[in-house]
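# A look at the structure
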Amino acid sequence: MVAEVLAKTEMFEPLTDDELTQLSAASRLRDLRRNDVLFHEHDDADELFVVTRGRVAMTRGFIDGRESVMALMEAGDLFGEMPLFDGQTRSTDGRALEPSGVVVVPYQPVRDLYSARPELLWSVVRLLSTRLRVINEALADSMFLDVAGRTAKRLLELSGGQDAFQLPVTQEELASMVGASRERVNKALAQFARLGWLEQHERRYRILDREALVVRSR
């Protein structure tokens, strides 16, 4: 199972079967409960992770107790790789938002693979380019979309293409993903409900007018 999971990630997709077997033998599976913490910001780092199920949030806390969700990792997503290349500490906290599973991959076997075959680093370049594009889009959202627009966009992302879904995060976590207060996000949700775009009961949602939400998220 571990080899199959690694082979589907952009970073390890170019590996040969033997290389995947070698890396898998050095890796392990870990189960997480909701709110289990994989690492804290500024921790020393010696391993990266691939999500097998559930969702893991990359978060940053502030001195006043607020928390911002910087990224949401789902099945197949790889994270925790930056210190492998720059030697620095963790830049965020990593916390499970629901019961989840990850493959834990130590850095040293990865370094050994790249030392033996440096051309594999092109897959890392592609991964980092993808991450940079996501960051650019998030910056554009923060500049050009209001709270309602960002809320609509995050709801569409979290729906996974389904009209009826359960929000995988709390309203506080949703607000931190939107980059606004919980009150302002709740106001946007209430507006969507009044317009007939959305039905909400606690953390259960039903999208009634997807096209209207898509237009509002642009």
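See the structure shown above.
A brief look at the structure comes next. Everything quoted here is computed from the prediction, not taken from an experiment.

## Things to note about the pattern of salt bridges
Using the criterion set out here, one finds 14 salt bridges in the structure. Between glutamate 119 and arginine 117 there is a salt bridge whose closest N-O contact spans 3.4 Å. Here glutamate 119 falls in the partly exposed class, since its relative accessible area comes to 45%.

## As for the environment of glutamate 98
Within the secondary structure, glutamate 98 is located in the loop between strand E7 (93–96) and strand E8 (100–106). Sequence-wise, glutamate 98 and valine 169 are 71 residues apart; in three dimensions their C-alpha atoms are separated by 8.2 Å. Ignoring anything within four residues of it in the chain, the contact list for glutamate 98 reads Leu32, Arg33, Arg34, Gly54, Arg55 and Pro168.

## With respect to the packing of helix H7 (residues 171–178) against helix H8 (residues 182–194)
Put simply, H7 and H8 touch, their axes get as near as 9 Å, and they point 95 degrees apart. Between H7 and H8, the angle is such that the two are roughly perpendicular. Contact residues: Gln171, Glu172, Leu174, Ala175 and Val178 in H7; Arg182, Val185, Asn186 and Leu189 in H8. Among the residues forming the contact of H7 with H8, the class breakdown is five nonpolar, two polar and two charged.

## With respect to the sheet that holds strand E10 (residues 198–201)
Strands pair in a sheet through their backbones, by hydrogen bonds, and they do so in one of two ways: parallel or antiparallel. The three strands are arranged E9-E11-E10 in an open sheet whose pairing can be described as antiparallel. At either end of the open sheet lies a strand with only one pairing partner, and these are strand E9 (164–166) and E10. The mean inter-strand angle of the sheet, taken between neighbouring strand axes irrespective of direction, is 20 degrees. As paired strands, E9 and strand E11 (residues 204–207) are joined by three bridges and run antiparallel to one another. What sits directly across from phenylalanine 165, in E11, is tyrosine 205.

Calculation notes
- Residues numbered from 1 in each chain as written.
- Predicted model: local features only at pLDDT ≥ 70, side-chain atom pairs only at ≥ 80, totals over all residues.
- Heavy atoms only, no water.
- Salt bridge = Lys/Arg side-chain N within 4 Å of Asp/Glu carboxyl O.
- Buried < 20%, exposed > 50% of the residue type's maximum accessible area, 1.4 Å probe, protein only.
- Helix = DSSP H or I, 4+ residues; strand = E, 2+ residues; numbered from the N terminus.
- Contact = heavy atoms within 4.5 Å.
- Axes fitted to C-alpha atoms, helices over the stretch in contact; angles between N-to-C directions.
- Parallel < 35°, antiparallel > 145°, perpendicular 65-115°, else oblique.
- Nonpolar A, V, L, I, M, F, W, Y, C, P; charged D, E, K, R; others polar.
- Pairing = 2+ DSSP bridges.

Keep in mind these numbers describe shape, not what the thing actually does.
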